[in-house]
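Architecture and fold: a report
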Amino acid sequence: MRILIIGAHGTLGQAITRELSNHELVTAGRSNGDLRVDIKDADSVARMYREAGPLDAVVIAAGGGVMAPLAEFTVEQYRASFNDKLLGQVNVVLAGQHVLNDGGSFTLTSGILSHEPIPLGSAMTMGSAAIDAFAVAAAIELPRGLRINVVSPGMLVESLPVYGDYLRGFEPVPAARAALAFRRSVEGRDTGRVYRVY
C-alpha cells in the first residue's frame, strides 16, 4: 500500500512509521518529511495531496492543544486548540475523500482525554471527543468504500518527561503498542471504530 503519514517525525509518528515500514510511505509535516503541510490550512492540505500522488491510506499523528485552568480559558484558546487538534484532521479528511484510491482509509488520532478528563485539559478533552464522534459519523457517508477510524492512545511512555505531571496515576503505554492499532486500522476492514490503547 502507498500510505501518507502526517506527523511522521513526532514521538507517535516515528513508531507508526516503523510499524508500517513494509508499505511504501510518504511522510508530511510542518517542518519535516517528504512534503510540508500545515493541516490547519485547507490550501496547504490540498497542495500536499497534489504533491503526494495516488494514496491508499492516510494516517494522522499530528495536532496539539492548549492546557490551562478553566477559570482562565478564553474562547480564543479553545479555538486555537480545536484548529490544531480537531479541525486540522477534519481538513485532511474533507480534501482526501476526493483523491484517495477506492477502498482507501483514514486513521485519525484522538487520545485518552476524550474518556478520562484531567484538570487543565478541557480543550483537549473536547477536541479528542469530537475527533472520535466525527469519525463515527463520517464513516456512514464516505464514498467509494473509503474507511475512517481513530486511534485513541493513552499517555506514551516516551512522553512521560513532558506530560507525566499532568497525567499522574495513568498507566503509560509504549508508542510501539499504540502503533499496532494504526496497522489494524490501515490493513483491516473496520470503519467508524475508535481503537483505545490504554
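As shown above, the structure is provided for reference.
Residues numbered from 1 in each chain as written. Predicted model: local features only at pLDDT ≥ 70, side-chain atom pairs only at ≥ 80, totals over all residues. Heavy atoms only, no water.

The next thing to look at is the packing of helix H1 (residues 11-19) against helix H6 (residues 175-187). Two quantities define a packed helix pair, namely the angle between the axes and the distance from one axis to the other. Across the interface, H1 lies against H6 with an axial gap of 8 Å and an inter-helix angle of 60°. Our classification of the angle between H1 and H6 gives oblique. Here the hand of the crossing between H1 and H6 comes out right-handed. Residues Thr11, Leu12, Ala15, Ile16 and Glu19 of H1 lie in contact with H6, whose contacting residues are Ala175, Ala176, Ala178, Ala179, Leu180, Phe182 and Arg183. Tallied by class, the residues present in the contact of H1 with H6 amount to nine nonpolar, one polar and two charged. (Axes fitted to C-alpha atoms, helices over the stretch in contact; angles between N-to-C directions. Helix = DSSP H or I, 4+ residues; strand = E, 2+ residues; numbered from the N terminus. Parallel < 35°, antiparallel > 145°, perpendicular 65-115°, else oblique. Left-handed = near helix turned anticlockwise from the far one by under 90°. Contact = heavy atoms within 4.5 Å. Nonpolar A, V, L, I, M, F, W, Y, C, P; charged D, E, K, R; others polar.)

A few words on unusual backbone geometry. Glycine aside, residues mostly have negative phi, and peptide bonds are mostly found in the trans state. The residue Leu120 is not glycine, and still its phi comes out positive at about 75°. In this structure Leu120 comes out as partly exposed when scored by relative accessible area, which is 33%. One non-glycine residue, Arg144, lies in the positive phi region at around 55°. If you trace the backbone, Arg144 turns up in the loop between helix H4 (122-138) and strand S6 (147-153). On the basis of relative accessibility, which here comes to 34%, the residue Arg144 falls in the partly exposed class. (Buried < 20%, exposed > 50% of the residue type's maximum accessible area, 1.4 Å probe, protein only.)

It is worth spelling out the layout of surface pockets at this point. Its boundaries defined by the atoms lining it, the largest pocket holds a volume of some 970 Å³. Together, 41 residues line the largest pocket, and Ala61, Gly63, Gly64, Lys85 and Tyr163 are the ones closest to its centre. When residues of the lining of the largest pocket are traced back to their parent elements, those giving at least two are H1, strand S2 (24-29), helix H3 (75-96) and H4. Looking at which element gives the most residues to the lining of the largest pocket, the answer is H1, with three residues. By residue class, the composition of the lining of the largest pocket is 19 nonpolar, 17 polar and five charged. (1 Å grid on protein atoms, 1.4 Å probe; cavity = no way out; pocket = protein on both sides within 12 Å on 5 of 7 lines; lining within 4 Å. Points joined across faces, edges and corners; volume = space filled by probe spheres on them.)

Okay, the sheet that holds strand S4 (residues 57-60) next. As summarised here, the arrangement of the seven strands in space is S3-S2-S1-S4-S5-S6-S7, forming an open sheet in which the pairing is parallel. Each having just a single partner strand, strand S3 (35-36) and strand S7 (193-197) make up the two edges of the open sheet. Note: strand S5 (residues 105-109) against S6, five bridges, orientation parallel. When the bridges of S6 are listed, Leu108 appears paired with Val150. Running over the sheet, H1 touches strand S1 (2-6), S2, S4, S5 and S6 and is turned about 165° from S1. (Pairing = 2+ DSSP bridges.)

Moving on, we get to the packing of helix H2 (residues 42-52) against H3. Packing of H2 against H3 leaves a shortest axis separation of 9 Å and a crossing angle of 50°. The angle between H2 and H3 places the two elements in the oblique class. The two elements H2 and H3 cross, and the hand of that crossing is right-handed. Taking contact as the criterion, the partners of Ala42, Val45 and Tyr49 in H2 are, on H3, Asn91, Val92, Ala95 and Gly96. Split into classes, the residues belonging to the contact of H2 with H3 amount to five nonpolar, two polar and no charged.

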